[in-house]
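Close look at the chain arrangement
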Amino acid sequence: MLVYILKRLIAGVITVWFIATATFIAMHQVPGDPLMNDKAVSPEIRANLEEKYGLNKPVTEQYFIYIGNMLRGDFGISFTQQNRQVNDIIRDHFPVSATLGLLAVLFAAAGGILWGALTAIYRNRLPDIIIMFLVILGISVPSFVFAALGQLTLVNLNSLVGRSIIPVAGWGSIWHMLMPSLVLGLGTMALLTRLMRSSMLEVINEDYIRTARAKGLSTTRIFFKHQLRNAILPVVTVLGPQIAAITTGGFVVELVFAIPGLGRYFVQAVQQLDYTVIMGTTVFYGAFLVMMVILVDIVYGFIDPRVRLS
Amino acid sequence: MQITETPILEVNNLAVEFATHGGTVQAVRGVSFHVAKGETLAIVGESGCGKSVTVQALMGLIPIPPGKITSGEARLDGQNILNLSPRQANQFRGVKIGMIFQDPMSSLNPTMTIGDQIGETLKVHLGKSQGEAFAMAIELLEKTHIPEAAKRARQYPFEFSGGMLQRAMIAQSLACNPSVLVADEPTTALDVTIQAQILELMQELQKSENMSIVLITHDLAVVARMADRVAVMYAGQIVEAGSVDDIFYRSSHPYTLGLKIAMPSNKHDRDKQLTPIPGSPPDLFMPPAGCGYFSRCPHAMSICRAHLPGVTDMSDSQFSRCWLQEAGAPDVPELHQRKNLPEQQVTATTGPLDAG
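It should be emphasised that the depicted structure is a prediction, and the values quoted were computed from it without experimental measurement.

Broken down by element type, chain B carries 12 helices and 12 strands. Taking 356 residues into account, the globule formula puts the C-alpha radius of gyration at 21 Å, and chain B, at 21 Å, falls close to it. Its C-alpha atoms give chain B principal-axis dimensions of about 70 × 50 × 45 Å.

Moving on: the sheet that holds strand S6 (residues 97-100) of chain B. Residues and elements named next belong to chain B. Spatial strand order, S6-S7-S8-S3-S9-S10-S12-S11: eight strands in an open sheet with mixed pairing. Both outer strands of the open sheet, S6 and strand S11 (312-313), are each paired with one neighbouring strand and no more. Two strands pair when backbone bridges link them, and strand S3 (residues 40-44) and strand S9 (residues 229-234) are joined in this way by four bridges, in the parallel orientation. In the sheet register, Leu41 faces S9, and the bridge partner there is Arg229.

On the secondary structure map, Val296 of chain A appears in helix H13 (residues 275-303). Setting aside residues no more than four positions away along its own chain, Val296 of chain A makes contact with Val236, Thr237, Leu239 and Gly240 of chain A.

Before going further, it helps to examine the environment of Ala98 of chain A. Structurally, the position occupied by Ala98 of chain A is in helix H4 (residues 86-121). Linking Ala98 of chain A and Ile5 of chain A, residues 93 residues apart in sequence, is a C-alpha distance of 23 Å.

This part covers the interface of chain B and chain A. Taken together, the 23 residues of chain B in the interface contact 20 residues of chain A. Going through the elements one at a time, helix H2 (86-92) and helix H3 (114-126) of chain B are the ones with two or more residues in the side of chain B that touches chain A. Tallying contributions element by element places H3 of chain B first for the side of chain B that touches chain A, with four residues. Here the residues of the side of chain B that touches chain A sort into 11 nonpolar, nine polar and three charged.

On to the packing of helix H6 (residues 162-173) of chain B against helix H7 (residues 192-209) of chain B, then. Residues and elements named next belong to chain B. Where H6 contacts H7, the two axes come as close as 10 Å, and the packing angle between them is 15 degrees. Considered as vectors, H6 and H7 are oriented roughly parallel to each other. Pair H6 / H7 crosses with right-handed handedness. Counted together, Gly162, Gly163, Gln166, Arg167 and Ile170 of H6 and Ile194, Gln197, Ile198, Leu201, Met202 and Leu205 of H7 form the full contact between these two elements. Its residues assigned to classes, the contact of H6 with H7 comprises six nonpolar, four polar and one charged.

Rules of the game
- Residues numbered from 1 in each chain as written.
- Chains lettered and ligands numbered in written order.
- Predicted model: local features only at pLDDT ≥ 70, side-chain atom pairs only at ≥ 80, totals over all residues.
- Helix = DSSP H or I, 4+ residues; strand = E, 2+ residues; numbered from the N terminus.
- Rg over C-alpha atoms; globule rule 2.2 N^0.38 Å.
- Pairing = 2+ DSSP bridges.
- Contact = placed C-beta atoms within 7 Å.
- Nonpolar A, V, L, I, M, F, W, Y, C, P; charged D, E, K, R; others polar.
- Axes fitted to C-alpha atoms, helices over the stretch in contact; angles between N-to-C directions.
- Parallel < 35°, antiparallel > 145°, perpendicular 65-115°, else oblique.
- Left-handed = near helix turned anticlockwise from the far one by under 90°.

Shown next as structure tokens:
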């Protein structure tokens, strides 16, 4: 198991290095640079700025300086926000995104497993048809539509009660987190429901389920002890990338609900070619994704004994 | 062989069909047999003849729908087990009848230890605690000669070999001391040396536990070794049944003859080609009006096509479902025919025309 984790970690470090390099190359291929946005910069000031940020050096040298700083945990200073460290931006805003993302994933996983199991039990009957219709809706409707609908619902709810019980936007209390995480998790929940359903239907035809019935076990016991645990494996597999996707992809929902998450900076930085922020957030998100995948691999090992030893 | 005591398991006129998109398949068409205490009944036949469906129907393992038991009854110790509620059925499954399957590799839950899976039966049916059940599971594994049973009980199915898994399956099926063990092709997925070991184990446990065995197989060598009595199934019906000697030495149905001829041998006639039965079984979406074996039978007569043969008793222990057992039928030298028997040996008779 230790070797298994160690192997994953080494592969993870290589992956992150790859992400950093690819981002660096792609970023420098984009025409222009971070200083281009400033109006009427005289060549002297521009040269000074280039000197200050090291942009006048050859690209390969910049790359090695950058990788060197990154290894020391220093992502540099933002170009567009005066003297703000990229590390500070991540430290201030990532926990917000992470909290929102984690809640959304919890919600998506619990819902997906529950609804998936239910549809499998009621296969081709009314509950299955209704839930699967909603699932298609959840997969095809973009999250900003749900976000707007969610806000509308809250507005109506609050006006019905006569006071603001659940805030419509903003960040702070657990009440603020409720609707955005629900909206953010909806797509993933729909995805997991479908996955869980097909997985449950596959497992129910397995020979060991027949054995369990021949042993005289009740349907409930077979469901919980034999079917669920085996059916959940594919769901756990996709959970890792999904955690990362939700946490990093939440900026639309963050924008609609006015949540001070990292997503906004990520998008802004790309628009403004803020080299250091692009690199910092991308590498950070990349590392986060890799870590989530490793975490899921480890959890997987606990659920499926076959993985543990191989 | 006269059956004196009441049989432990008795099946009468069982019929099972499946509704599919292509129509209704009549998988089992009126099967009757009985199993006495401590005896082994082998049900033989080729793939798709309904032998597995028959025993799965008994165990209530057929998904309903699409499956449907259209007629018949099955009595276990006198109690009909085909019309039970799921709760009632769970009181005999795994308790009075244990079952093992063809592929031990896929028949055990991959995410549960062997000991827990065996112990589960004990917990559910005998109300044992986790600790007691696990200890008993280890004893059961020892009974099936699994070395280092205590260590093995903590392992998962993927850590076992096929033969060991089938031993574990047997241990699991024996947990509640069943009176009948249903073995659905228990050695088909195993290699030959392991097959022999598993069969030996089954025979040993049958004696020590005083069980009856219903053995489903298509391997006549296994039949010869294990069975007291044999039922030969074809196209959803039992075409011939009798003691193991009746079937091998006094075959009274052309299909049984065909099976015997098709048996490969490693002793004689090495250079001889294998003689299969030509053709394929009839389409059970539309079962033939006459004998199911008609199209493949080398001795088929015109009556065989249109009319289903009735049951002819060959002796107290043997019956056949073939028009060649009719009084005026032509002689078939290799077939054991009733009309050639000395008069006094023929006792009970059911005229084929009465039954058909």
